[in-house]
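Residue-level structure breakdown
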Amino acid sequence: MNETVPANFPACKHRKRSRPVSTPSWLTWLASEPFRVFFFTGAVWSIIGVSLWPLFYAGALAYYPNFVHARIMIECFGGAFVVGFLGTAGPRMATAPKLTVWELLLLLLLHLAAGAAHLQQRTALGDALFLGMLVLLLLSLLVRVLRFRKELPPPQMLLALTGLLCGCAGTALWLDPATLNSPERYRLAGLLLYQGLLLPPVLGIGSFLFPRMLGGDFGEPAPDQVRRKFLHAIIAALLLILSFFLEIWEHPLLAYLLRAGVAATYLLLEVNWRRPVAAAQRGTLATGLPWALITGLLGLVMAGFYYQFHVGLEHLLYIGGFGLLILVVASRVLFGHSGQLDDFARKSWLARSLIFFAFLAATTRASADFLPTITVSHHKYAAWTWGIVALLWLIWHRRRFLQREKH
């Protein structure tokens, strides 16, 4: 990577544009780094999403929260981190203008309104607002890449685009009344949103950022590697989408094995997992990164073999995979953009606690469906455990959300 590029990520390589006089500088700054807002609100929404289960079992919630919980965790937690990361990294990777204040405010308004609608069981409205947020982000990024870019983003970002398109397609399918009358369409909508929104970006962003987190350089391809990496991204995207259709065509084992195989193969091909000789010692979060990926892949494989329990087993993917990876990557971004990058590479008891409790929440929820006698207690234990993880993470980074990097 170019040595003049700052070590933090995403790296900004275009010249700073003059700020409008009428716009507060702090608001312009937040718009240029929307992860600061969306990472915070996403973690808060995750606490709200899991707290629905203990509230329901305590008799304080009038409705069964399965659909509301799922929507909040995917759209308001996972979706927030997708918007925050891509809204920050996308323009910088294309060396294009950053998001404007109005784009940030509109994205945030749609995000918060979607969560509020889901809490009121207004599912269609919540989905429509979430779809609007994804479409706005997608259009903002496409306009910058097509019109203002000074260079193309890394080819791995094609998978991030695939995630946005899957999220849009799945949400749009759910907004179609015909989907409610078709089990196949309904399951496809769920797969596109719940797994398609996050799995491709994890692979694309991961193949770019994981090498840096493990002590090497960013996964930015050399000129002679661009075509190969672009081809790998296209093949991975197509095979992941094919796996969703295989599942609704009543081949669930093949579908899950294909999904896990594509993810594992892509990461093995695109990420150098060997520690560079001159690299500093890995910190706790970087050490937990491979285990989070293994847990997520294990969830996919087990859900295929025990498909009758796939809802519970998929939480190994959602909590131990997606959830933990989101917090690890978000920590890397927060450390880097607050001028504390060295702290990411340190050993930390708090980081060890976060990783332990995330795995505990994942395994507790995954096992809940196997024995009816433990279902309720494990629902509650898993919910409280993840709530502790998200709360500790917020407390840990409380100052970094608004701490600027010193230049």
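A brief report on the enclosed structure follows. Computed from a predicted structure; not experimentally measured.

Describing the packing of helix 8 (residues 199–213) against helix 10 (residues 252–270)
Across the interface, helix 8 lies against helix 10 with an axial gap of 9 Å and an inter-helix angle of 15°. Taken as axis vectors, helix 8 and helix 10 run roughly parallel relative to one another. As for the relative orientation of helix 8 and helix 10, their crossing is right-handed in sense. Along its contact with helix 8, which presents Leu 199, Leu 203, Ser 207 and Phe 210, the element helix 10 presents Arg 259, Ala 263, Tyr 266, Leu 267 and Glu 270. Of the residues assigned to the contact of helix 8 with helix 10, the class counts are six nonpolar, one polar and two charged.

Regarding the nonpolar core
Core analysis: the biggest nonpolar cluster contains 119 residues, and Phe 38, Phe 39, Phe 85, Leu 86, Phe 210, Trp 386 and Trp 393 have the highest contact counts within it. Looking at which element gives the most residues to this core, the answer is helix 12 (residues 310–337), with 16 residues. Counting residues in each nonpolar core, the second largest holds seven residues, with Trp 45, Leu 52, Val 68 and Cys 76 among its members.

Regarding the packing of helix 2 (residues 35–57) against helix 12
For any two helices packed against each other, one specifies the inter-axial angle together with the distance between the axes. Between helix 2 and helix 12, whose axes approach to 11 Å, the crossing angle comes to 140°. Looking at the two axes, helix 2 sits oblique to helix 12. Crossing of helix 2 over helix 12 shows left-handed handedness. The segment helix 2 lies against helix 12, with Phe 35, Arg 36 and Phe 39 engaging Ala 330, Val 333, Leu 334 and His 337.

Considerations on the pattern of salt bridges
Inspection of the entire model under this criterion finds 13 salt bridges. Where Arg 36 meets Glu 33, a salt bridge forms, and the shortest distance between an N and an O atom there is 2.7 Å. By relative accessible area, which is 9% here, Glu 33 ends up buried. Its salt-bridge partner being Arg 187, residue Glu 314 comes within 3.3 Å of it at the nearest N-O pair. Remark: Arg 187 occurs in helix 7 (residues 183–194) and Glu 314 occurs in helix 12; sequence separation between them is 127 residues. Among the residues examined, Arg 187 registers a relative accessible area of 21% and is labelled partly exposed. Several salt bridges converge on common partners, so that one network encompasses Arg 187, Glu 247, Arg 259 and Glu 314.

Cut-offs applied
Residues numbered from 1 in each chain as written. Predicted model: local features only at pLDDT ≥ 70, side-chain atom pairs only at ≥ 80, totals over all residues. Heavy atoms only, no water. Axes fitted to C-alpha atoms, helices over the stretch in contact; angles between N-to-C directions. Helix = DSSP H or I, 4+ residues; strand = E, 2+ residues; numbered from the N terminus. Parallel < 35°, antiparallel > 145°, perpendicular 65-115°, else oblique. Left-handed = near helix turned anticlockwise from the far one by under 90°. Contact = heavy atoms within 4.5 Å. Nonpolar A, V, L, I, M, F, W, Y, C, P; charged D, E, K, R; others polar. Core = buried A, V, L, I, M, F, W, Y, C linked by side-chain atoms within 4.5 Å. Buried < 20%, exposed > 50% of the residue type's maximum accessible area, 1.4 Å probe, protein only. Salt bridge = Lys/Arg side-chain N within 4 Å of Asp/Glu carboxyl O.

Don't take any of this as a statement about function, it's just geometry.
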